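Understanding the architecture of this molecule
Spelled out, the chains give:
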Amino acid sequence: MAEKLPKLAKANLTALVVDDNSVNQSIHHKLLDRLGIQNDIVCNGKEAVDAHSSGRNYDLILMDMDMPIMNGIQATKRLREMGISCKIAGVTTRADEEEKKEFMDAGLNDFQEKPLTISKLISILQNLELYIVKT
Amino acid sequence: MQRQVALIKQSLFDQGYLDEQFMALEELQDDANPNFVEEVSALYFKDSARLINNIDQALERGSFDFNRLDSYMHQFKGSSTSIGANKVKAECTMFRDYCRAGNAEGCLRTFQQLKKEHSTLRKKLEHYFQLARQAGPKETARRPK
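Residues numbered from 1 in each chain as written. Chains lettered and ligands numbered in written order. Predicted model: local features only at pLDDT ≥ 70, side-chain atom pairs only at ≥ 80, totals over all residues. Heavy atoms only, no water.

On to the overall build of chain A, then. A tally of helices and strands in chain A yields five helices and five strands. The order of helices and strands in chain A, counted from the N terminus, is β-α-β-α-β-α-β-α-β-α. Overall size of chain A, expressed as C-alpha extent along the three principal axes, is 40 × 35 × 30 Å. Across the 135 residues that make up chain A, the buried fraction comes to 52%. Sequence-distant contacts in chain A: of pairs separated by 6 or more residues, those separated by 24 or more amount to 64%. Roughly 6500 Å² of accessible area belongs to chain A as shown, and the carbon and sulfur atoms make up 46% of that amount. (Helix = DSSP H or I, 4+ residues; strand = E, 2+ residues; numbered from the N terminus. Buried < 20%, exposed > 50% of the residue type's maximum accessible area, 1.4 Å probe, protein only. Contact = heavy atoms within 4.5 Å. Areas by Shrake-Rupley, 256 points an atom, 1.4 Å probe, with all protein chains shown as cover.)

Across its full length, chain B carries six helices and zero strands. Shown N-terminal to C-terminal, the secondary structure of chain B runs as helices and strands in the order α-α-α-α-α-α. Seen through its C-alpha atoms, chain B measures out along the principal axes to roughly 50 × 30 × 20 Å. Out of the 145 residues in chain B, the part that is buried amounts to 46%. Sequence separation of 24 or more characterises 69% of the internal contacts of chain B that already satisfy a separation of 6 or more. Measuring between centres, the 22 positive side-chain charges of chain B sit 2 Å from its 20 negative side-chain charges. (Lys, Arg positive; Asp, Glu negative; His and termini not counted. Charge placed at Lys NZ, Arg CZ, Asp CG, Glu CD.)

Let us look at the side chain of Arg34(A). Positionally, Arg34(A) belongs in helix H1 (residues 22-34). A relative accessible area of 14% places Arg34(A) in the buried class. There is a polar contact of 3.3 Å between the side chain of Arg34(A) and the backbone oxygen of Glu27(B). (Polar contact = N/O pair within 3.5 Å; in protein donor to acceptor, adjacent residues only side chain to side chain.)

A separate point is the UniProt feature "modified residue: 4-aspartylphosphate" (unreviewed entry) in chain A. Residue and element names in this part refer to chain A. Taking the numbering used here, the UniProt-annotated feature "modified residue: 4-aspartylphosphate" (unreviewed entry) corresponds to Asp64. Here Asp64 shows up in the loop between strand E3 (60-63) and helix H3 (72-81). Dropping the residues within four chain positions of it, Asp64 is found in contact with Val18, Asp19, Asp20, Gly72, Val91, Thr92, Phe103 and Lys114. (UniProt positions renumbered as here; feature names shortened; annotations may be inferred.)

Residue and element names in this part refer to chain A. The side-chain alternation of E3 yields two buried faces, one formed by Leu60 and Leu62 and the other by Ile61 and Met63. Summarising the sheet, E3 and strand E4 (residues 87-92) pair through four bridges and their orientation is parallel. The residue bridging Met63 from the neighbouring strand is Gly90, located in E4. Read as a crossover between parallel neighbours, the route from E3 over H3 to E4 is right-handed. (Pairing = 2+ DSSP bridges. Right-handed = clockwise from strand over helix to strand, strands pointing away.)

This part is about the UniProt feature "modified residue: Phosphohistidine" (unreviewed entry) in chain B. The sites that UniProt annotates as "modified residue: Phosphohistidine" (unreviewed entry) are His74(B). Mapped onto the secondary structure, His74(B) falls in helix H4 (residues 66-83). In contact with His74(B), not counting residues within four places along its chain, are Asp66(A), Thr93(A), Arg94(A) and Arg96(B).

A few words now on the sheet that holds strand E5 (residues 110-113) of chain A. Residues and elements named next belong to chain A. Strand order in the open sheet formed by five strands is E2-E1-E3-E4-E5, and the pairing between neighbours is parallel. One side of each edge strand has no neighbouring strand; the edge strands of this open sheet are strand E2 (38-42) and E5. Between one strand and the next, the sheet's axes are offset by a mean angle of 20°, whatever the strand orientation. Examined bridge by bridge, E4 and E5 share four bridges and lie parallel to one another. Following the sheet pairing, Thr92 is matched in E5 by Glu113. Docked against the sheet, H3 engages E3 and E4, running at close to 155° with respect to E3. This element, helix H4 (residues 97-105), spans E3, E4 and E5 of the sheet and lies at about 145° to E5. (Axes fitted to C-alpha atoms, helices over the stretch in contact; angles between N-to-C directions.)

Quoted interface sizes are often the accessible area lost when the parts come together. Taken together, the contacts link 19 residues of chain B with 16 residues of chain A. With both sides pooled, the region where chain B packs onto chain A buries about 1500 Å², and carbon together with sulfur makes up 59% of that total. Linking chain B with chain A are two salt bridges, by the criterion used here. With a shortest N-O distance of 3.1 Å, Asp30(B) and Lys30(A) are connected by a salt bridge. (Buried area = accessible area lost by both parts, 1.4 Å probe. Salt bridge = Lys/Arg side-chain N within 4 Å of Asp/Glu carboxyl O.)

Moving on: a negative patch on the surface. Residue and element names in this part refer to chain A. Among the surface-exposed residues, Asp96, Glu97, Glu98, Glu102 and Glu113 lie close enough to one another that they form a single negatively charged patch. In terms of residues, the negative patch owes the most to one element, H4, which gives three residues. Here Glu113 shows up in strand E5. (Patch = residues over 30% accessible without salt bridge, like charges linked within 9 Å, V, L, I, M, F, W, Y side chains within 5 Å.)

Structure below.
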């Protein structure tokens, strides 16, 4: 898989990792890095909202669901209310259909179960038309 | 030495301590981050030690707040899944099942086993990373057969 990784650095994509878990922060940051996507990390939904309130914008947000202070569902709803229209992909260990629907209904564009891998991240990028496979 | 490192890693998979997620993390290592997996593992053990402490304190209080315990274990399971800690993850799942069943004895028993698996994994990975550093630049990660 490594030799076939798309290098998206030229596309100047940016992403925000929203997760309270330091292990996942590190892994998601590295995955995005590997694809050449510049990315920032915040620890919960409130910090994600604050980042956007301060004027920062991203092409993609990787949003965890369970976080303290403001969870992923609340943060996604808030961001959409603020008029943030960028792509938001939910990334969570919760696979229950009802919980997934609630998360999607909050305003997600895509959803992947953790653990996130390169192939899952590429799938997100393709689904959200941030990476088009040349044929 | 490289062969010894490879054999140790293979045994960790064969004995079920690690799963494919660990391999996926090794594939992310590059010249910029040659010790990425060791760094992530260190984060995991730091984070999980805190969670173990929280759960220990909650259990010592004697009152079983199953919702709180389940919440701690959800975090623990998430981290364990992310680094491929297969046996630890399995114990986390079992603990959560006992929480949902309101089975305090099951929780206590499973938690003791979880701590053992966690401690064993920590020692084995420390040994593996130490040898890997001595052996020099890592080989390209290969999936175990």
